Amino acid sequence: MSIFNAYLDDFGKITVTIDRSFYQGESSRFQLTGMGGYIEELSIEGVETHDSFILYRLKGLYDPNFRMDYQVRESHGRYTPLVARLIVKRERFNALYGYEKDDLGSHYSPEHTWFKVWAPTAVNVTLSLDVSGVQILKAMEPSEMGTWYVKVPGDFKHATYTYLVERNGKVVKSLDPYAYSCNGNAKASAVIDLSELDKIRDYPIEEPITATESIIYECSVRDMTMHPFTGTTTHGKFSSLCEDGTEYRGLPTGLNYIKSLGVTHVQFMPLTDFSTVDDFKPELNYNWGYDPRQYLSLKGSFSSDPDHPYVRMKEFKELVSCLHRNHLRVTLDVVFNHVYDVAETAFDCLVPYYYFRYNEEGYMSNGSYCGNDFASEMPMASRYLVYVIRNLMQIYGIDGFRFDLMGIIDVATMNKIRNEAIRNNPSALIYGEGWDMPTMLQGSQKANIHNQGAMPHIGHFNDYFRDVIKGKTSESEKYERGYATGNWNNAFASLAALTGNVLDTPHFKRFFSPDQSINGFETHDNSTVWDKMHACCNNEDRATRIRRQKMMIAITMVSQGVPFVHAGFEFCDTKKDNHNSYNAPDEINRMDWERMEYYQEVVKYFRKATALRRSVSEFCLKTALEINEKVKVWVADDQTVFYDIAGSKGNAETVRVMINPSTGDRFYRFDEEWQVIFDENGNSQEAKSKHVCVPALSLIVCKR
């Protein structure tokens, strides 16, 4: 903050602060000046004394002309630019400048390219066009509802560009938030001829799939092929994961490995542009990508040619097409809750204060704990997020999205996003982290788990499922056990977890439908399950912990809701007790194919568990009504969980799941004969019997 600041915070309201080092912060008179000799006396409506400055609330400028560069003069003759601040948050501002057409960005044709950008508080905007190193400057004309427009004749298929934006007394260089791509390290946005992408054939999966029939596999493009034993010719690129036939010691790796697992969806960790990995030298450091810079343009470090804006787009579309050909749907992890550096983003360069949350004193909200919160509730911000979702789906064929810190985003925007996604793909998955974040948004507006009733069919990571069965996840609670890791007191609580938290009293009801419950025991965040057991089961041998791992794999697949698996869970992955490996080296984060070979027994069990879920429709019930009508759950012997599912209409069979988390075998006698279709090794048994053994630390599935 400088010595003297002036902010336009509403129509007719200006806030001024003067540092006490300048005339003790005192001023008796303020004037507003502008171009062409404009001058207006500002009346002082209120004064607030603070330790280091004095704040003045002034009246004036009821109808600002944002094309004019205003300055405020105080009584000692000092001037400061008038900064359009909280005025951009007002309803009247949005009524005057809310732009609803879908024509922002650059639009290419061989004869000309036209550019349109929304910058209502800018005095001037200039297009800076770079054609093979030659810079062309074109003044943009003010257009409707705060937009600026210019049409440039010529073929600019391979041009890059930025906007030079004059606002608030300075000129800044900005990317185009609506651009489809950019050059290396996002120095400039790129003009894109989308017909070039049409040349890449997609193979969309036409068969419909419901959310509860899905099995989501979270992985990183970089991690999947970074290990030297992956067998790919390149590592960590979009194209690396397209390489077919790779193996390690006769076992599949990379693409082949994912294909072998029986999952339905591959969820990629962030792939759109982020800040802390150099596109040209990605080997210098690692980052998961939760430090976003652009929401639509892809990250260049995943490309074989980071400085070529088309290459990253083509290679990613080829990857999606490759996965689709192999009957794998693709969901993207999107980080729409914050940005890495507000000042460097196009959002703040074009319309300062609009796209981020502030309180009435002008202080930035930080519910994300990353320094800022994206103001999704603002009309243009909300429309922008829908625009990004639409384009990611239409350009690349994406099948769904996982929203990082979804509780920062507002309910209305999330519903708009889901509606847009379903319009593009009726089977689209929309889910995210519904944690209740302390952002400056009314509680009823937050897209968090407490408001799930206002967001039908949007999934939330179910921390109840995770913590009750595995045990608490945070580093400070890593020694706490869950039902599957030795705390039998959680047996009754696990009944609600197994049934998607949709059963009525006496169970804990959290969701209105099972597709809202995303069930997983580990994600990229926090410790892996195996590392968690290093702490909470540290008195047990490896064989015992393997049995617990397998039990949790099976629980994931038989529970009502949507199964979610982090890459490596299926082979007891470890991050060497690093509970937050967001910037740890590749050696910590990459897929370890040697470990995959060592724990091949568990991998084979995982494949049998996914096959079980995909073959038994009773595990994929679609409504809370079905679950309440067909499912019966209870606890025997104070620890063994019984979970019965009546057959679907026309199917007299009943499926029974029995879970024994104890270290001793359990024997049960029933009136009817049961056939074990999934035993402690994932195998089916031909014989039927009234006597069933549930081995120690195992889950079995029977039918009659």
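**Student:** Please explain the layout of surface pockets as it appears in this structure.
**Tutor:** Estimated volume of the largest pocket: approximately 840 Å³. Along its surface, the largest pocket is lined by 40 residues, and Leu405, Glu433, His524, Asp525 and Asn526 are the ones closest to its centre. Top contributing element to the lining of the largest pocket by residue count: helix 9 (residues 463-469), with three residues. Split by residue class, the lining of the largest pocket holds 12 nonpolar, 15 polar and 13 charged. If you add up the space inside the second largest pocket, you get close to 720 Å³. Around the second largest pocket sit 31 residues that line it, and Asn5, Tyr7, Val83, Arg85 and Tyr353 are the ones nearest its centre. At four residues, strand 1 (residues 4-10) tops the list of elements feeding residues into the lining of the second largest pocket.

**Student:** How should the pairing of strand 21 (residues 329-334) be read in this particular structure?
**Tutor:** Within a regular strand, the side chains alternate between the two sheet faces. Counting buried residues along strand 21, six of its six residues qualify, which places the element largely inside the surrounding structure. Here strand 21 shows two buried faces, one formed by Arg329, Thr331 and Asp333 and the other by Val330, Leu332 and Val334. Sheet topology note: the strand 20 (residues 265-268)/strand 21 ladder contains four bridges and is parallel. Residue pairing in the sheet places valine 266 in a bridge with valine 330 of strand 21. Since strand 20 and strand 21 lie parallel, the crossover through helix 5 (residues 309-325) that links them has a hand, and here it is right-handed. As defined by bridge partners, strand 21 adjoins strand 22 (residues 400-403) across four bridges and the pair is classed as parallel. Each bridged residue has a counterpart across the sheet, and for leucine 332 the counterpart in strand 22 is phenylalanine 401.

**Student:** What's the story with helix 7 (residues 379-396) in this structure? I'm lost.
**Tutor:** Think of an α-helix as turning once every 3.6 residues; residues three or four places apart then point the same way. The end-to-end C-alpha distance of helix 7 is 26 Å, a good match for the 26 Å that 18 residues give at a rise of 1.5 Å each. The element helix 7 is extensively covered by neighbouring structure, given that 15 of its 18 residues are classed as buried. Once helix 7 finishes, glycine 397 follows within two positions and takes phi at roughly 80°, a positive value.

**Student:** Is there a simple way to think about the pairing of strand 13 (residues 147-153) in this case?
**Tutor:** Judged from the seven bridges that link them, strand 9 (residues 112-118) and strand 13 form a sheet pairing that is antiparallel. Its bridge partner lying in strand 13, histidine 112 is registered against proline 153. In this structure, strand 12 (residues 141-142) lies alongside strand 13, joined through two bridges in antiparallel fashion. Paired with glutamate 141 across the bridge in strand 13 is tyrosine 149. The loop that links strand 12 with its antiparallel partner strand 13 comprises four residues; one of these, methionine 145, has a positive phi angle of about 55°.

Conventions and cut-offs
- Residues numbered from 1 in each chain as written.
- Predicted model: local features only at pLDDT ≥ 70, side-chain atom pairs only at ≥ 80, totals over all residues.
- Heavy atoms only, no water.
- 1 Å grid on protein atoms, 1.4 Å probe; cavity = no way out; pocket = protein on both sides within 12 Å on 5 of 7 lines; lining within 4 Å.
- Points joined across faces, edges and corners; volume = space filled by probe spheres on them.
- Helix = DSSP H or I, 4+ residues; strand = E, 2+ residues; numbered from the N terminus.
- Nonpolar A, V, L, I, M, F, W, Y, C, P; charged D, E, K, R; others polar.
- Buried < 20%, exposed > 50% of the residue type's maximum accessible area, 1.4 Å probe, protein only.
- Pairing = 2+ DSSP bridges.
- Right-handed = clockwise from strand over helix to strand, strands pointing away.
- Expected span 1.5 Å × (residues − 1).

The values are spatial; any link to function lies outside them.
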